[in-house]
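Residue-level listing of the chains:
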Amino acid sequence: MTAVLREMRWWDIDPVLGLEKELFPEDAWSRGMFWSELAHARGAEATRRYLVAVEGERIVGYAGLAASGDLADIQTIAVARDQWGTGLGGRLLTELLRAATAFECAEVMLECRVDNIRAQKLYERYGFEAIGFRRGYYQPGNVDALVMRLNDPSTSVQGTEIHG
């Protein structure tokens, strides 16, 4: 079965938190952080785009992007371990890049743990380039972040559809 991508809604927060805590135990987002992001994801003034990947009744991934002016920032991408290698991370990233294009962003930035080579390789496949580091960015583990940038996200978008 292939996961279906759709807009994240408030009722998705609890299952997303479960996955968040499993994948990022040291620096998991809080319920409040997700609520705050979703508060900016709907309506004419929306500056966020958050998605979930659903397989059957189970959320197996999620992703979010924030836009400000001509700059977008990928806030999070997460895929359940049993979905690694299925292309789901790429599908989620594609939808975030589509959203950045819709928000008319010329650049997309992100931070990635320096020890998350799998994610770095995904971003590189989509044209992101490393431009620097943020020391001690991920707390409380004090792990450095690799800062990556993509110019013109519209050139990296491929044909993936989302529902809802």
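Note: the structure precedes this text.
First things first, this report covers the structure right here in the doc. (Residues numbered from 1 in each chain as written. Predicted model: local features only at pLDDT ≥ 70, side-chain atom pairs only at ≥ 80, totals over all residues. Heavy atoms only, no water.)

**Description of the layout of surface pockets**
Alright, step 1. The computed volume of the largest pocket comes to approximately 1100 Å³.
Alright, step 2. What lines the largest pocket is a set of 38 residues, and nearest its centre among them are F24, I77, N116, A119 and Y123.
Alright, step 3. Going through the elements one at a time, α1 (13-23), β4 (71-79), α3 (88-102), β5 (107-113), α4 (117-125) and β6 (129-138) are the ones with two or more residues in the lining of the largest pocket.
Alright, step 4. With seven residues, the top contributor of residues to the lining of the largest pocket is β4.
Alright, step 5. By residue class, the composition of the lining of the largest pocket is 17 nonpolar, ten polar and eleven charged. (1 Å grid on protein atoms, 1.4 Å probe; cavity = no way out; pocket = protein on both sides within 12 Å on 5 of 7 lines; lining within 4 Å. Points joined across faces, edges and corners; volume = space filled by probe spheres on them. Helix = DSSP H or I, 4+ residues; strand = E, 2+ residues; numbered from the N terminus. Nonpolar A, V, L, I, M, F, W, Y, C, P; charged D, E, K, R; others polar.)

**Thoughts on the sheet that holds strand β3 (residues 58-68)**
Alright, step 1. Spatially, seven strands are ordered β1-β2-β3-β4-β5-β7-β6 in an open sheet, and the strand pairing comes out mixed. Single-partner strands in this sheet number two, and they are β1 (4-7) and β6. Geometrically, the sheet is characterised by an average inter-axis angle of 25° between neighbouring strands, direction not taken into account.
Alright, step 2. Two strands pair when backbone bridges link them, and β3 and β4 are joined in this way by eight bridges, in the antiparallel orientation. By the bridge assignment, G61 is partnered in β4 with V79. (Pairing = 2+ DSSP bridges. Axes fitted to C-alpha atoms, helices over the stretch in contact; angles between N-to-C directions.)

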